[in-house]
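Summary of structural features
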Amino acid sequence: MNEEKEKPQQSKKQKKPQQKKPTKKKEEDLNRKNKRDDLPAEYLEKVKNLKLTRLPRKAHPLPKSDERNVLITSALPYVNNVPHLGNLIGCVLSADVFARYARLRGYNSLYICGTDENGTATQVKAIKEKKEPIEVCDYYHKIHAQIYENFEIEFDNFGRTSKKLHDEIVQDIFKKVNAQGYFEEKTIEQYYDEKAKMALADRFVLGECPHCGSAEAKGDQCDGCGKLLNPIDLINPKSFISGDTPVLKDSRHLFLNLESLAPKIEHFISTASVKGKWTSNSVAISNSWVQNGLQSRCMTRDLTWGVSVPVEGFEEKCFYVWFDAPIGYISITAEIIPEWRQWWCNPENVELWQFMGKDNVPFHTVLFPATLLGTGDDWTLIHHISTTEYINYETGKFSKSNSRGVFGDHVAEMPFPISAWRYYLLSNRPEQSDSVFNWDDFRNRVNLELLPKPGNLVQRVLKFVYTKLDKKVPVVKKEELDPVDVEFLKGIKEKILNYCESMEVTRMRECLKIVMDICADCNKFMQDMSIWEKGTDETRKRVVLGVMCNCIRIVACLFEPFMPSFSAKIYFFWGLREVKMMRFS
Ligand code: ZN
């Protein structure tokens, strides 16, 4: 919206606008007429042939001292399977919305994600599929990248934690923490498979869950109730390798001494959570870890697929995946930016925004900061944490193991545009409580919200511009505006400011609702102005359509983080090749 229209002077009294409210019957007639009155063939042809090409991204930015620098990460999806819609909404999709918003606002931003490829889960999958772990990673990394591309997720880099650079950075950070005395060696009892002659870490042990009784719990987590486990907790443990009952043996491991880091962690949580406006849920989860007493946590595992531990006597071991995975954010940045420290060791100038499902909270607010604090260096630590609850599928849970739900690769095969998926998932984003993916609801949301509100508005105004105004968006002078227009635009501006406020605390559902409200306001304004009626003053017609065109441009801009290709189509038809940034003073 241009400045002139936001601060209009009192207009010279013009011909009174025709504000007759259409009667019920007239409205019905109008609706019928609108349905019959299709857009010109030329337009429809364009829609059919419209191909959206993505503009090449600029070189990867470095933080600038005089700008707002925003580093955005999405939890790294584990590489051993195909992500479902629930995985998408919690991490990459939510972070993508914020990253797109940040770019539109002109923040100097960087969006980092990639596949988490180390640990027993990959090794177990490789054994099942009779492949090498790296083959499993190569195969699934490609699938993940393709799905996110299809979902119009725009990363600055989508990297991998199986790269050599990742190992180097993880080992370097470990050495620093170790040099500060925050690692300690302990001997623990661990399951051992005598037949296979190997120690069994995490998922190499299967058994019953002590919490929910599920018969298919894995040594690190129960898929039934989601609780984190130790292999030793399992009832009736069995080796994944041989199926035999394993025996307990002593094994040496390195523990991160969270107890001695506790004062630093507590100080960090209490200050960062206020400054970064963490959700009450994230604060509660983090505090409960701290209040339950921070204990040393085992950061090494007996396994061969992972980052090796640079300590004598630990040649057969790797780092625990939750030690190395968050460092992936750093190494994936380093894949594309040699000066990565300017982002990651720059807490004064960089805000770190991290997106994840709620089960990942303590790893990002306690464990990862503890590791970085333990180095003694000045790292960029989490500023805002955005978490989601779970999204369920119809009446149950999405389930990878039972292939229950809609998975990323199914979406490409279905005849719905990605904007419809993105709209449904984001308007249903499980922010305060769990939400449900339901096919009837999906259909209704698209057919009764997305198509009638913004869809009709755009189509209606575009049709007028094409047929009545010779395809030219009218230029409206501020003195031509009526008080009713000024009042209307004031209301829109207020809503835009609310949208920005909500986005700054990642309340994305609220933002989408606001844009839909703006669409409804515009539709109502068009209706109330009844410019299609015979005898309407030509100037008034032009002014109302000019106001509407500007509003549609704003709507496209506000929708862009949520449905980029939907917005791109609107820009295209409005002849806007390059869209100005969203700046509202
Ligand atoms: Zn369980």
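Below: a short report on this structure. Keep in mind that this is a model prediction, so the values were computed, not measured. (Residues numbered from 1 in each chain as written. Predicted model: local features only at pLDDT ≥ 70, side-chain atom pairs only at ≥ 80, totals over all residues. Heavy atoms only, no water.)

So, on to the sheet that holds strand S7 (residues 217-218). Reading across the sheet, the three strands line up as S7-S6-S8 and stay open at both edges, with antiparallel pairing between neighbours. The outermost strands of the open sheet, each flanked by one partner alone, are S7 and strand S8 (235-239). Here three bridges tie strand S6 (residues 205-208) to S8, and the two strands are oriented antiparallel to one another. Counted as the bridge partner of Leu-206 is Lys-238 from S8. (Pairing = 2+ DSSP bridges. Helix = DSSP H or I, 4+ residues; strand = E, 2+ residues; numbered from the N terminus.)

Their axes nearest at 10 Å, the elements helix H16 (residues 439-467) and helix H19 (residues 538-559) cross at an angle of 140°. Here H16 lies oblique to H19, going by the angle between them. As H16 packs across H19, the resulting crossing turns out to be left-handed. Between H16 and H19, the residues in contact are Pro-454, Leu-457, Val-458, Val-461, Phe-464 and Val-465 and Leu-545, Met-548, Cys-549, Ile-552 and Phe-559, respectively. Split by residue class, the contact of H16 with H19 holds 11 nonpolar, no polar and no charged. (Axes fitted to C-alpha atoms, helices over the stretch in contact; angles between N-to-C directions. Parallel < 35°, antiparallel > 145°, perpendicular 65-115°, else oblique. Left-handed = near helix turned anticlockwise from the far one by under 90°. Contact = heavy atoms within 4.5 Å. Nonpolar A, V, L, I, M, F, W, Y, C, P; charged D, E, K, R; others polar.)

Scanning all chains against the criterion turns up 32 salt bridges. The partner of Glu-168 in a salt bridge is Lys-164, with the nearest N and O atoms 3.0 Å apart. Linking Glu-168 with Lys-164, this pair stays in helix H7 (residues 164-179), spanning four residues, or about one helical turn. Across the pair Asp-223 and Lys-218 runs a salt bridge whose closest N-O atoms are separated by 2.7 Å. Judged by relative accessible area, Asp-223 falls into the partly exposed class, the value being 43%. Where salt bridges share partners, they join Asp-96, Arg-100, Arg-103, Glu-154 and Arg-422 into one cluster. (Salt bridge = Lys/Arg side-chain N within 4 Å of Asp/Glu carboxyl O. Buried < 20%, exposed > 50% of the residue type's maximum accessible area, 1.4 Å probe, protein only.)

On to the pairing of strand S2 (residues 108-115), then. Where burial is concerned, most of S2 is hidden: eight out of the eight residues are buried. Judged from the five bridges that link them, strand S1 (residues 69-74) and S2 form a sheet pairing that is parallel. Pairing of Thr-73 across the sheet is with Ile-112, part of S2. Once you follow S1 into helix H4 (residues 85-104) and on to S2, the crossover reads as right-handed. Here S2 runs beside strand S3 (residues 157-160); their pairing, made up of four bridges, is parallel. Directly across from Thr-115, in S3, lies its bridge partner Arg-160. (Right-handed = clockwise from strand over helix to strand, strands pointing away.)

So, on to the packing of helix H15 (residues 418-427) against H16. Two numbers describe how H15 lies on H16: the axes approach to 10 Å, and their chain directions differ by 105°. One element, H15, and the other, H16, form an angle in the roughly perpendicular class. Counting all contacts with H15, which are made through Ser-419, Ala-420, Trp-421, Tyr-423, Tyr-424 and Ser-427, the residues of H16 involved are Trp-439, Asp-441, Phe-442, Arg-445, Val-446, Glu-449 and Leu-450. For the contact of H15 with H16, the class distribution of residues is eight nonpolar, two polar and three charged.

Turning our eyes to something else, we now look at the sheet that holds S1. Reading across from one edge, S3-S2-S1-S13-S14 is the order of the five strands in this open sheet, with parallel pairing throughout. One side of each edge strand has no neighbouring strand; the edge strands of this open sheet are S3 and strand S14 (382-388). On average, adjacent strands in this sheet sit at an angle of 20° to one another, irrespective of strand direction. Here strand S13 (residues 350-357) pairs with S14 via six bridges, running parallel. Within the sheet, the bridge partner assigned to Leu-352 lies in S14 and is Ile-382.

Moving on, we get to the coordination of the zinc ion. The zinc ion binds to the protein through Cys-209 (SG), Cys-212 (SG), Cys-222 (SG) and Cys-225 (SG); the donor distances cover 2.3 Å. Among the residues examined, Cys-212 registers a relative accessible area of 40% and is labelled partly exposed. Assessed through its relative accessible area of 29%, Cys-225 is described here as partly exposed. (Donors = N, O, S within 2.8 Å, 3.2 Å for Na, K, Ca; no water.)

Counting 158 residues, the largest nonpolar core has Ile-72, Leu-85, Trp-344, Val-461, Tyr-499 and Phe-562 as its most contacted members. A total of 14 residues in this core trace back to one element, the largest contributor, which is H19. In terms of nonpolar packing, the next biggest core, distinct from the first, is built from 11 residues, Tyr-191, Ala-217, Cys-222 and Leu-229 among them. (Core = buried A, V, L, I, M, F, W, Y, C linked by side-chain atoms within 4.5 Å.)

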